[in-house]
Amino acid sequence: MRKLMLQANRKLLVIMTIVVVVIFGTAGTTAPVHSNVYKNLKILPQDISREAMHDIMDVQFGDALGVHCDYCHAKEPGADHPDFASDANPKKETARDMMRMVLQMNKDNFQVAKPMIGDSLMVVTCYTCHHGSAFPDTKSKVPVVHDFGPPAGRAGQPGPPPPPPAAPQKN
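Residues numbered from 1 in each chain as written. Predicted model: local features only at pLDDT ≥ 70, side-chain atom pairs only at ≥ 80, totals over all residues. Heavy atoms only, no water.

Position of His130 among the secondary structure elements: in helix H4 (residues 126-130). Judged by its relative accessible area of 10%, His130 is buried. Reaching out from His130, the side chain makes a polar contact with the backbone oxygen of Ala134 at a distance of 3.2 Å. For His130, the contacting residues outside a window of four places in its chain are Ala64, Leu65, Met98, Phe135 and Pro136. (Helix = DSSP H or I, 4+ residues; strand = E, 2+ residues; numbered from the N terminus. Buried < 20%, exposed > 50% of the residue type's maximum accessible area, 1.4 Å probe, protein only. Polar contact = N/O pair within 3.5 Å; in protein donor to acceptor, adjacent residues only side chain to side chain. Contact = heavy atoms within 4.5 Å.)

Structure below.
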């Protein structure tokens, strides 16, 4: 009986050892990194997911500028789709310059510590200026007026009320 018990304990010990080794071996490894299908990324991260790329390119850029892929991406010769890696279309470099500008504005003016295109923390985006048009409207006839309320007085107290409007002048 004792001999049978020792054999059972050894088998159990071997099985438990194998299980522990497998668990720790699996936990110590990382998931395989898939090779990036995107080539020639200079602003967007090299490890960007397909979903994030689609959201940035189609939803954000497409909607913000009212354009399609072939606006910035050169057509591949003999193909129906653009060559996304090509830099043949100069508008692609303009888009990169605009992305750099937007990232810098968010970092410098809105304290976004690590701004990234497509991040919901971005205050300034393409849409901020473009509003669905490839070219921003720089000749707006109506000035934008922001009402931030009365100026604050000392220690956060409200300031005096604004003066009454001036009476119309007669000629």
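Now for the layout of surface pockets. Its boundaries defined by the atoms lining it, the largest pocket holds a volume of some 1,100 Å³. Along the wall of the largest pocket there are 41 residues; nearest its centre are Met57, Phe61, Cys72, His73 and Ala95. By residue class, the composition of the lining of the largest pocket is 25 nonpolar, 8 polar and 8 charged. There is about 160 Å³ of room inside the second largest pocket. Around the second largest pocket sit Gln60, Phe61, Ala64, Val102, Ile117, Gly118, Asp119, Ser120, Met122, Thr125, Cys126 and Tyr127, which together line it. (1 Å grid on protein atoms, 1.4 Å probe; cavity = no way out; pocket = protein on both sides within 12 Å on 5 of 7 lines; lining within 4 Å. Points joined across faces, edges and corners; volume = space filled by probe spheres on them. Nonpolar A, V, L, I, M, F, W, Y, C, P; charged D, E, K, R; others polar.)

The next thing to look at is helix H2 (residues 50-65). The first and last C-alpha atoms of H2 sit 21 Å apart over 16 residues, in line with the 22 Å expected at 1.5 Å per residue. Within the span of H2, buried status applies to Met53, Ile56, Phe61, Gly62, Ala64 and Leu65. In this structure, the buried residues of H2 make contact with helix H3 (90-110) and H4. Looking one or two places after H2, you find Gly66, whose phi comes out positive at around 65°. (Expected span 1.5 Å × (residues − 1).)

Among the structural elements, Met99 can be located in helix H3. In the structure, Met99 is positioned 56 residues away from Ile43 in sequence and 7.4 Å away in space, judged by C-alpha atoms. Each residue touching Met99, except ones within four places of it in the same chain, is listed here: Ile43, Leu44, Phe61 and Ile117.

This paragraph deals with the side chain of Asn89. Mapped onto the fold, Asn89 is located in the loop between H2 and H3. The class for Asn89 is buried, based on a relative accessible area of 15%. A distance of 2.9 Å separates the side chain of Asn89 from the backbone oxygen of Tyr71, its partner in a polar contact. For Asn89, the residues in contact, after removing those within four places along its chain, are Asp70, Tyr71, Cys72, His73 and Ala74.

What follows covers the pattern of salt bridges. If you walk through the whole model with that rule in mind, you get 6 salt bridges. Between Arg96 and Asp87 there is a salt bridge, with the nearest N and O atoms lying 3.2 Å from each other. A relative accessible area of 4% means that Arg96 is categorised as buried. Taking the shortest distance from any N to any O, the salt bridge between Arg96 and Glu93 comes out at 3.1 Å. Placement of the pair is Arg96 and Glu93 together in helix H3, with a separation of 3 residues, close to one helical turn. Residue classification places Glu93 among the partly exposed positions, given a relative accessible area of 34%. Here the residues in one salt-bridge network are Lys42, Asp87, Lys92, Glu93, Arg96, Asp97 and Arg100, joined through shared partners. (Salt bridge = Lys/Arg side-chain N within 4 Å of Asp/Glu carboxyl O.)

Moving on to the nonpolar core. Counting 11 residues, the largest nonpolar core consists of Leu41, Leu44, Ile48, Met53, Ile56, Phe61, Met99, Val102, Leu103, Ile117 and Met122. For this core, the secondary-structure elements that each account for two or more residues are H2 and H3. Ignoring any residue separated from it by four or fewer positions in sequence, one finds Met53 in contact with Tyr38, Leu41, Leu44, Ile48 and Asp58. (Core = buried A, V, L, I, M, F, W, Y, C linked by side-chain atoms within 4.5 Å.)

On the surface, Val14, Ile18 and Val22 cluster together into a nonpolar patch covering about 270 Å² of accessible area. In this structure, Val14 sits in helix H1 (residues 2-27). (Patch = residues over 30% accessible without salt bridge, like charges linked within 9 Å, V, L, I, M, F, W, Y side chains within 5 Å. Areas by Shrake-Rupley, 256 points an atom, 1.4 Å probe, with all protein chains shown as cover.)

Remember, this is a structural readout, not a statement about activity or role.
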